[in-house]
Amino acid sequence: MGLSKVFCEMKRIPVAMLVVVSCMGTVGAEEVSPLRQSILSQSPSILFVTRKQYRKDHHNTATLFQCGEVNERSYDTEGYLKILDVKSGQVETLFDPGKGATVRDPDVSFDGKRVVFAMRKSASENYHLYTIELESRVVKQLTRQRDVTDVDPCWLPDGGIVFSSTREPKYCGCNNRIMCNLFRMEGDGANIHQIGRSTLFEAHPFVMDDGRILYDRWEYVDRDFGSAQGLWTCNPDGTAHALYWGNNTESPGGILNARTLPGDGSRVLAILGACHNRPWGALGLIDRKKGIDGPVPLIRTWPSNYLEQVCISSDKYRIDSPNSVPLKYQDLFPLDDAHYLCVRQVRKESEATGIFCLDASGGEELLYFEEPGCFDPMPIRPRKLPPVRPRQRNFDSPHAPGRFYLQNVMIGTHMTGVAPGTVKALRVIESPEKRNWTYTYWGGQGTQWPGMNWLNFENKRILGTVPVEADGSAYFEVPGNTFVFFQALDENGMMVQSMRSGAYVQPGETYGCVGCHENRIGGTPVSDKVLAMRRPPSRLNGWQGESPRLFSFQREVQPIFNRHCVSCHDYGKPAAEKLNLAGDRDTVFSTSYVDLWLRGGISCVGAGGAETRPALSWGARVSKIVRMSQNGHGRVQLSKPEMDTLITWCDLNAPYYPNFECAYPQNQAGRSPLSSAEVKRVQQLSGVKLADQHWYKQRSQFSFDRPEVSRILTSAGCATNESARAEVLSIIRKGQERLYARPRNDMDGFYPCEKDVARLNKYEKSQAREEQVYAAIREGRKLYDSE
């Protein structure tokens, strides 16, 4: 019997019955297939959840539907914890949370006696964590903070629990959905504190056989949003966060829900998911010893032909390639080296999923299915307890310093063409989290809510520059729990190579790397004779003699153009037809900023692709505006601080706004003083479609500083109709008046809108709570959640 016929037969099977299906047909109750026998030999019982599939949202991370957030109304499911007896086929309900409630993400304790899980009691509440005793069925609530979401709990070897949570509120850089980080607590719910600090999303933690945590992480610095979701590891105390696999693979867009096979931790099963879909897709078996990116490390995929779509880079945009998989996989658990549990769609025309058993040779067998779907299968059995890894940090305060060291910056896979001794310093840059969002966006290389830069998503804060020793080594302090990246600089302060991901240390942690993008799977020389480690760590010194500050184009760069360039490169001047460097603000950015991107004045990576960029390939050294300034264009001579500012701006990937807060959240990109109705009217009068995305390649049409020089006034609609021109000019002047009364984020006197202030206050409260927990841990006390 073919699979399609089997699935048609399934429609007539009562939902509470055990269904065992193979590619050969339906297996009778007295028959035991080899795959089913493999499960019986591992565990007689399987824990699972029944519920509807999550509603489709923007990205695979959007399953929380937190109360008060933009997608809260998408919560629409009920779910139960159930147990399947594999031998008899009987199913019993372990826990019924009640009407309108659901459970998700169960994890069986290492001794096989308890389950930790997330539960949401209704659409008006968020997910919290609970435990249930398998024998007594006693349920205990562990977390209870009302305005946060806690999901993905996982038992730790010391009896604690790691989980994902929105307790440090932050938002996705390319939309307006709330994100999660890793947190941990004691087994009774005490002393919840954050152990992951990446800027977007951390989820699906799993304890490896050596005691480390494997998890999937989504974060991006100066790179495309959709291909930046790979696998990482860390210690249970939050130290030693390190890339595991897939950070520079474009297709698939997300590597999710990974579980290691027994052994040395080099082989994992993972969902190969799309950026834009639910957290499902193809299934992959990965051998990390063969590489940390691309198709080579994949031993096999389900379906087998999906392997053809795995790539590091492509001429086509392939972050959503798993959407083409006809029967998608989700929620997996390895039984042993060769047999795996997972859930999979049972029919192409339905989102309902059943529990399947797979083997390493490609065999698949449906074990059980009931409407509306089955999720989170896991054997109920004792497991070998991994070792408890020792603590390598302190709890002085969340931002107490830690230390990074670098053995030799010249050791790396993408340093071709860089002579030894070229790198003289490292610039340490913070990429802050996004705390706020707007209702409209700017279309950079992905959507920005609010608009931040021409292409990329981040703001930047220079924390300082530290020396690189003669042997290429560096050793320096950084604030703990601060997401940073590094740039290698030459003797002129120009960037040689830049990270396009981030790193952080815990307070008191010392952590390091061998080189700059070094080979992570062997063959990299390690030395214990590192010059920088023979001295105290370097201290961060801010930038240009001042304390660290968020970089602002209007504050740092535009004054240079005002002093040296606008006498020629201004509205009404011939040179401005080629490049206008006036600082007049338009709807989102400014005249000069837009022209520098559009007219080839700078060469920056923007939100470039997944692959690691070669050294010396972008930034100030290849930007025309820097080269012309160095050569004395038009007899212009920049001072050393001015040249340093211009070089630094280009090497920071040409940022514009200093932070995400805005004054006009309802208007274009959260930045424009004009309402959508006014913009529509201007378009009608002028005949010009106004760009809200970079790919229109449209020069600035407005000047809110000098409305009468606005380019849109020369459009066909305005040039031939004086009344139309007058009305457009009047609208622009209204925008000017609003900016004078309520400055936006690139102006002096800016203050955030009311909703932004409320979100910032919530963040400050979360950090105050973190301080309290740190104090409790230092003093040996227990601090619990309160509602």
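Since the model is a prediction, treat every value here as computed from it, not as a measurement. (Residues numbered from 1 in each chain as written. Predicted model: local features only at pLDDT ≥ 70, side-chain atom pairs only at ≥ 80, totals over all residues. Heavy atoms only, no water.)

A short note on the overall build of the protein
Part 1 of the reasoning: When you go through the protein residue by residue, the secondary structure sums to 11 helices and 35 strands.
Part 2 of the reasoning: Taking 2.2 N^0.38 as the reference for a compact globule, 787 residues should give roughly 28 Å; the C-alpha atoms of the protein span a radius of gyration of 28 Å, in line with that estimate.
Part 3 of the reasoning: Its C-alpha atoms give the protein principal-axis dimensions of roughly 90 × 70 × 50 Å.
Part 4 of the reasoning: Buried residues in the protein amount to 63% of all 787 residues.
Part 5 of the reasoning: For the protein, restricting intrachain contacts to residue pairs at least 6 apart in sequence, the fraction spanning at least 24 positions comes to 65%. (Helix = DSSP H or I, 4+ residues; strand = E, 2+ residues; numbered from the N terminus. Rg over C-alpha atoms; globule rule 2.2 N^0.38 Å. Buried < 20%, exposed > 50% of the residue type's maximum accessible area, 1.4 Å probe, protein only. Contact = heavy atoms within 4.5 Å.)

A few points about the packing of helix α8 (residues 676–686) against helix α10 (residues 722–741)
Part 1 of the reasoning: Direction vectors running N to C along α8 and α10 enclose 155°, while the axes themselves pass 9 Å from each other. Judged by the angle between their axes, α8 and α10 are roughly antiparallel. For the pair α8 and α10, the sense of crossing is left-handed. Only Ala724, Glu727, Val728, Ile731, Lys734 and Arg738 of α10 make contact with α8, whose side of the interface consists of Glu678, Arg681, Val682 and Leu685. (Axes fitted to C-alpha atoms, helices over the stretch in contact; angles between N-to-C directions. Parallel < 35°, antiparallel > 145°, perpendicular 65-115°, else oblique. Left-handed = near helix turned anticlockwise from the far one by under 90°.)

Some thoughts on helix α2 (residues 34–42)
Part 1 of the reasoning: Three or more residues of α2 are buried, namely Leu35, Arg36, Ser38 and Ile39. The buried residues of α2 all sit within an arc of 155° when viewed along its axis, so they share a single face. In α2, the exposed positions angled more than 90 degrees off the buried face are occupied by Pro34 and Ser41. (Arc of directions from axis to C-beta.)

A few points about the environment of Phe206
Part 1 of the reasoning: Structurally, Phe206 can be placed in strand β14 (residues 201–207).
Part 2 of the reasoning: Take Phe206: its relative accessible area is 10%, and that puts it in the buried class.
Part 3 of the reasoning: With near-sequence residues (within four places) excluded, Phe206 lies in contact with Cys154, Arg212, Ile213, Leu214, Ala258, Arg259, Thr260 and Phe333.

Notes on the side chain of Asn181
Part 1 of the reasoning: Along the chain, Asn181 falls in strand β12 (residues 181–185).
Part 2 of the reasoning: One polar contact links the side chain of Asn181 to the main-chain carbonyl oxygen of Gly196, over a distance of 3.4 Å.
Part 3 of the reasoning: At 3.0 Å, the side chain of Asn181 forms a polar contact with the backbone oxygen of Ser198.
Part 4 of the reasoning: Ignoring sequence-local partners within four residues, the contact set of Asn181 consists of Phe163, Ser164, Ser165, Glu168, Lys170, Gln194, Gly196, Arg197, Ser198 and Glu202. (Polar contact = N/O pair within 3.5 Å; in protein donor to acceptor, adjacent residues only side chain to side chain.)

Description of the nonpolar core
Part 1 of the reasoning: By size, the foremost hydrophobic cluster in this structure holds 117 residues, and its most contacted members are Trp218, Tyr220, Phe476, Phe561, Phe589, Ile625 and Trp649.
Part 2 of the reasoning: With residues near it in sequence (within four places) discarded, Ile625 still touches Phe561, Leu581, Leu596, Gly601, Ile602, Leu646 and Cys650.
Part 3 of the reasoning: In this structure, Val679, Ala724, Val728 and Met747 belong to the second largest nonpolar core, which totals 20 residues. (Core = buried A, V, L, I, M, F, W, Y, C linked by side-chain atoms within 4.5 Å.)

Thoughts on the packing of aromatic side chains
Part 1 of the reasoning: Evaluation of the coordinates by the stated rule reveals 33 aromatic pairs.
Part 2 of the reasoning: Their ring planes at 20° and their centres at 5.9 Å tell us that Phe117 and Tyr130 sit as a pair that is stacked. Linking Phe117 in strand β7 (residues 114–120) with Tyr130 in strand β8 (residues 128–133), this pair joins segments that are 13 residues apart in sequence.
Part 3 of the reasoning: Exposure remark for Phe117: the relative accessible area of 0% places this residue in the buried category.
Part 4 of the reasoning: Of the aromatic side chains, those joined through ring pairs into one cluster are Trp442, Trp454, Phe553, Phe561, Phe589, Tyr593, Trp649, Tyr656 and Tyr657.
Part 5 of the reasoning: For the cation-ring pair, Arg51 lies above Tyr54, with the distance from its terminal atom to the ring centre recorded as 3.8 Å.
Part 6 of the reasoning: If you follow Arg383 out to its NZ or CZ, it ends over the ring of Phe110, 4.3 Å from the centre. (Phe/Tyr/Trp six-rings, centres within 6.5 Å; stacked < 30°, edge-to-face > 60°. Lys NZ or Arg CZ within 6 Å of the ring centre and 35° of its normal.)

Looking at the pairing of strand β23 (residues 339–345)
For a regular strand, side chains alternate in direction, first toward one face of the sheet and then toward the other.
Part 1 of the reasoning: With 6 of 7 residues buried, β23 lies mostly within the body of the structure.
Part 2 of the reasoning: As paired strands, strand β22 (residues 329–334) and β23 are joined by 5 bridges and run antiparallel to one another. Residue Pro334 lies in a different strand from β23, and its bridge partner there is Tyr340.
Part 3 of the reasoning: Linkage of β22 to β23, two consecutive antiparallel strands, is achieved through a turn of 4 residues. (Pairing = 2+ DSSP bridges.)

With respect to the sheet that holds β7
Sheets are built from strands paired through backbone hydrogen bonds, the pairs being either parallel or antiparallel.
Part 1 of the reasoning: One open sheet accounts for 4 strands, arranged β6-β7-β8-β9; its pairing is antiparallel. The open sheet has two edge strands, β6 (102–108) and β9 (139–141), and neither has a second partner. When strand polarity is set aside, the average angle formed by the axes of neighbouring strands in this sheet is 30°.
Part 2 of the reasoning: With 6 bridges joining them, β7 and β8 adopt antiparallel strand pairing. Bridging from a neighbouring strand, Arg114 pairs with Glu133 of β8.

Some remarks on unusual backbone geometry
Part 1 of the reasoning: Cis geometry marks the peptide bond from Trp302 to Pro303, where omega comes out at -5°.
Part 2 of the reasoning: Relative to the helices and strands, Pro303 is located in the loop between β21 (298–302) and β22.
Part 3 of the reasoning: Here the amide bond leading from Glu371 into Pro372 is cis, since omega sits at 0°, within 30 degrees of zero.
Part 4 of the reasoning: Inspection of the secondary structure assignment puts Pro372 in the loop between β25 (364–368) and β26 (374–379).
Part 5 of the reasoning: In this structure, Ala654 is a non-glycine residue whose phi angle is positive, near 55°.
Part 6 of the reasoning: Its location among the elements puts Ala654 in the loop between α7 (640–651) and α8.
Part 7 of the reasoning: Looking at Ala654, the relative accessible area reads 0%, which means it is buried.
Part 8 of the reasoning: The backbone of Ala669 sits at a positive phi, close to 55°, despite the residue not being glycine.

With respect to the confidence of the model for the protein
Part 1 of the reasoning: Averaged over the protein, the pLDDT score is 93; the fraction of residues at 70 or greater is 96%.
Part 2 of the reasoning: Within the model, pLDDT remains below 50 along residues 1–29, and this stretch shows 54 contacts once partners closer than five positions in the same chain are excluded. (pLDDT = per-residue confidence, 0-100.)

Observations regarding α8
Part 1 of the reasoning: Of all the residues in α8, the buried ones are Glu678, Val679, Val682, Leu685 and Ser686. For α8, the angular spread of the buried residues around the axis is 125°, confining them to a single face. The exposed set on the far side of α8, more than 90 degrees from its buried face, consists of Ser676, Ala677, Lys680 and Gln684.
Part 2 of the reasoning: Where α8 is buried, its residues contact α9 (716–719) and α10.

Quick notes on the sheet that holds strand β10 (residues 150–155)
Part 1 of the reasoning: Pairing is antiparallel in the open sheet, where 4 strands are placed in the order β10-β11-β12-β13. Every interior strand has two partners, whereas the edge strands, β10 and β13 (193–194), have only one.

Describing the side chain of Arg51
Part 1 of the reasoning: You can see Arg51 is positioned in the loop between β3 (45–50) and β4 (80–85).
Part 2 of the reasoning: In this structure, Arg51 is buried with no salt-bridge partner, the nearest side chain bearing the opposite charge being Asp331 at 4.6 Å.
Part 3 of the reasoning: A distance of 3.3 Å separates a polar atom in the side chain of Arg51 from a polar atom in the side chain of Tyr54.
Part 4 of the reasoning: In contact with Arg51, other than residues within four places in its own chain, are Thr77, Glu78, Gly79, Thr102, Val103, Gln330, Pro372, Gly373 and Phe375. (Lys, Arg positive; Asp, Glu negative; His and termini not counted. Salt bridge = Lys/Arg side-chain N within 4 Å of Asp/Glu carboxyl O.)

Regarding the environment of Asp107
Part 1 of the reasoning: Positionally, Asp107 belongs in strand β6.
Part 2 of the reasoning: Of the residues examined, Asp107 reaches a relative accessible area of 10% and is grouped as buried.
Part 3 of the reasoning: Sequence separation of Asp107 and Phe48 is 59 residues, and the distance between their C-alpha atoms is 9.8 Å.
Part 4 of the reasoning: Excluding residues that lie within four positions of it along the chain, Asp107 makes contacts with Arg114, Val115, Val116, Pro153, Cys154, Trp155, Met378 and Arg383.

Brief notes about the pattern of salt bridges
Part 1 of the reasoning: Tallying each qualifying case throughout the model produces 45 salt bridges.
Part 2 of the reasoning: Between Arg267 and Asp337 there is a salt bridge, and its shortest N-O distance comes to 3.5 Å. Of this pair, Arg267 sits in strand β19 (residues 267–273) while Asp337 sits in the loop between β22 and β23, and the two are 70 residues apart along the sequence.
Part 3 of the reasoning: By relative accessible area, Asp337 is classed as partly exposed at 38%.
Part 4 of the reasoning: The salt bridge involving Arg347 is made with Glu349; its shortest N-O contact spans 3.9 Å.
Part 5 of the reasoning: On the basis of relative accessibility, which here comes to 10%, the residue Arg347 falls in the buried class.

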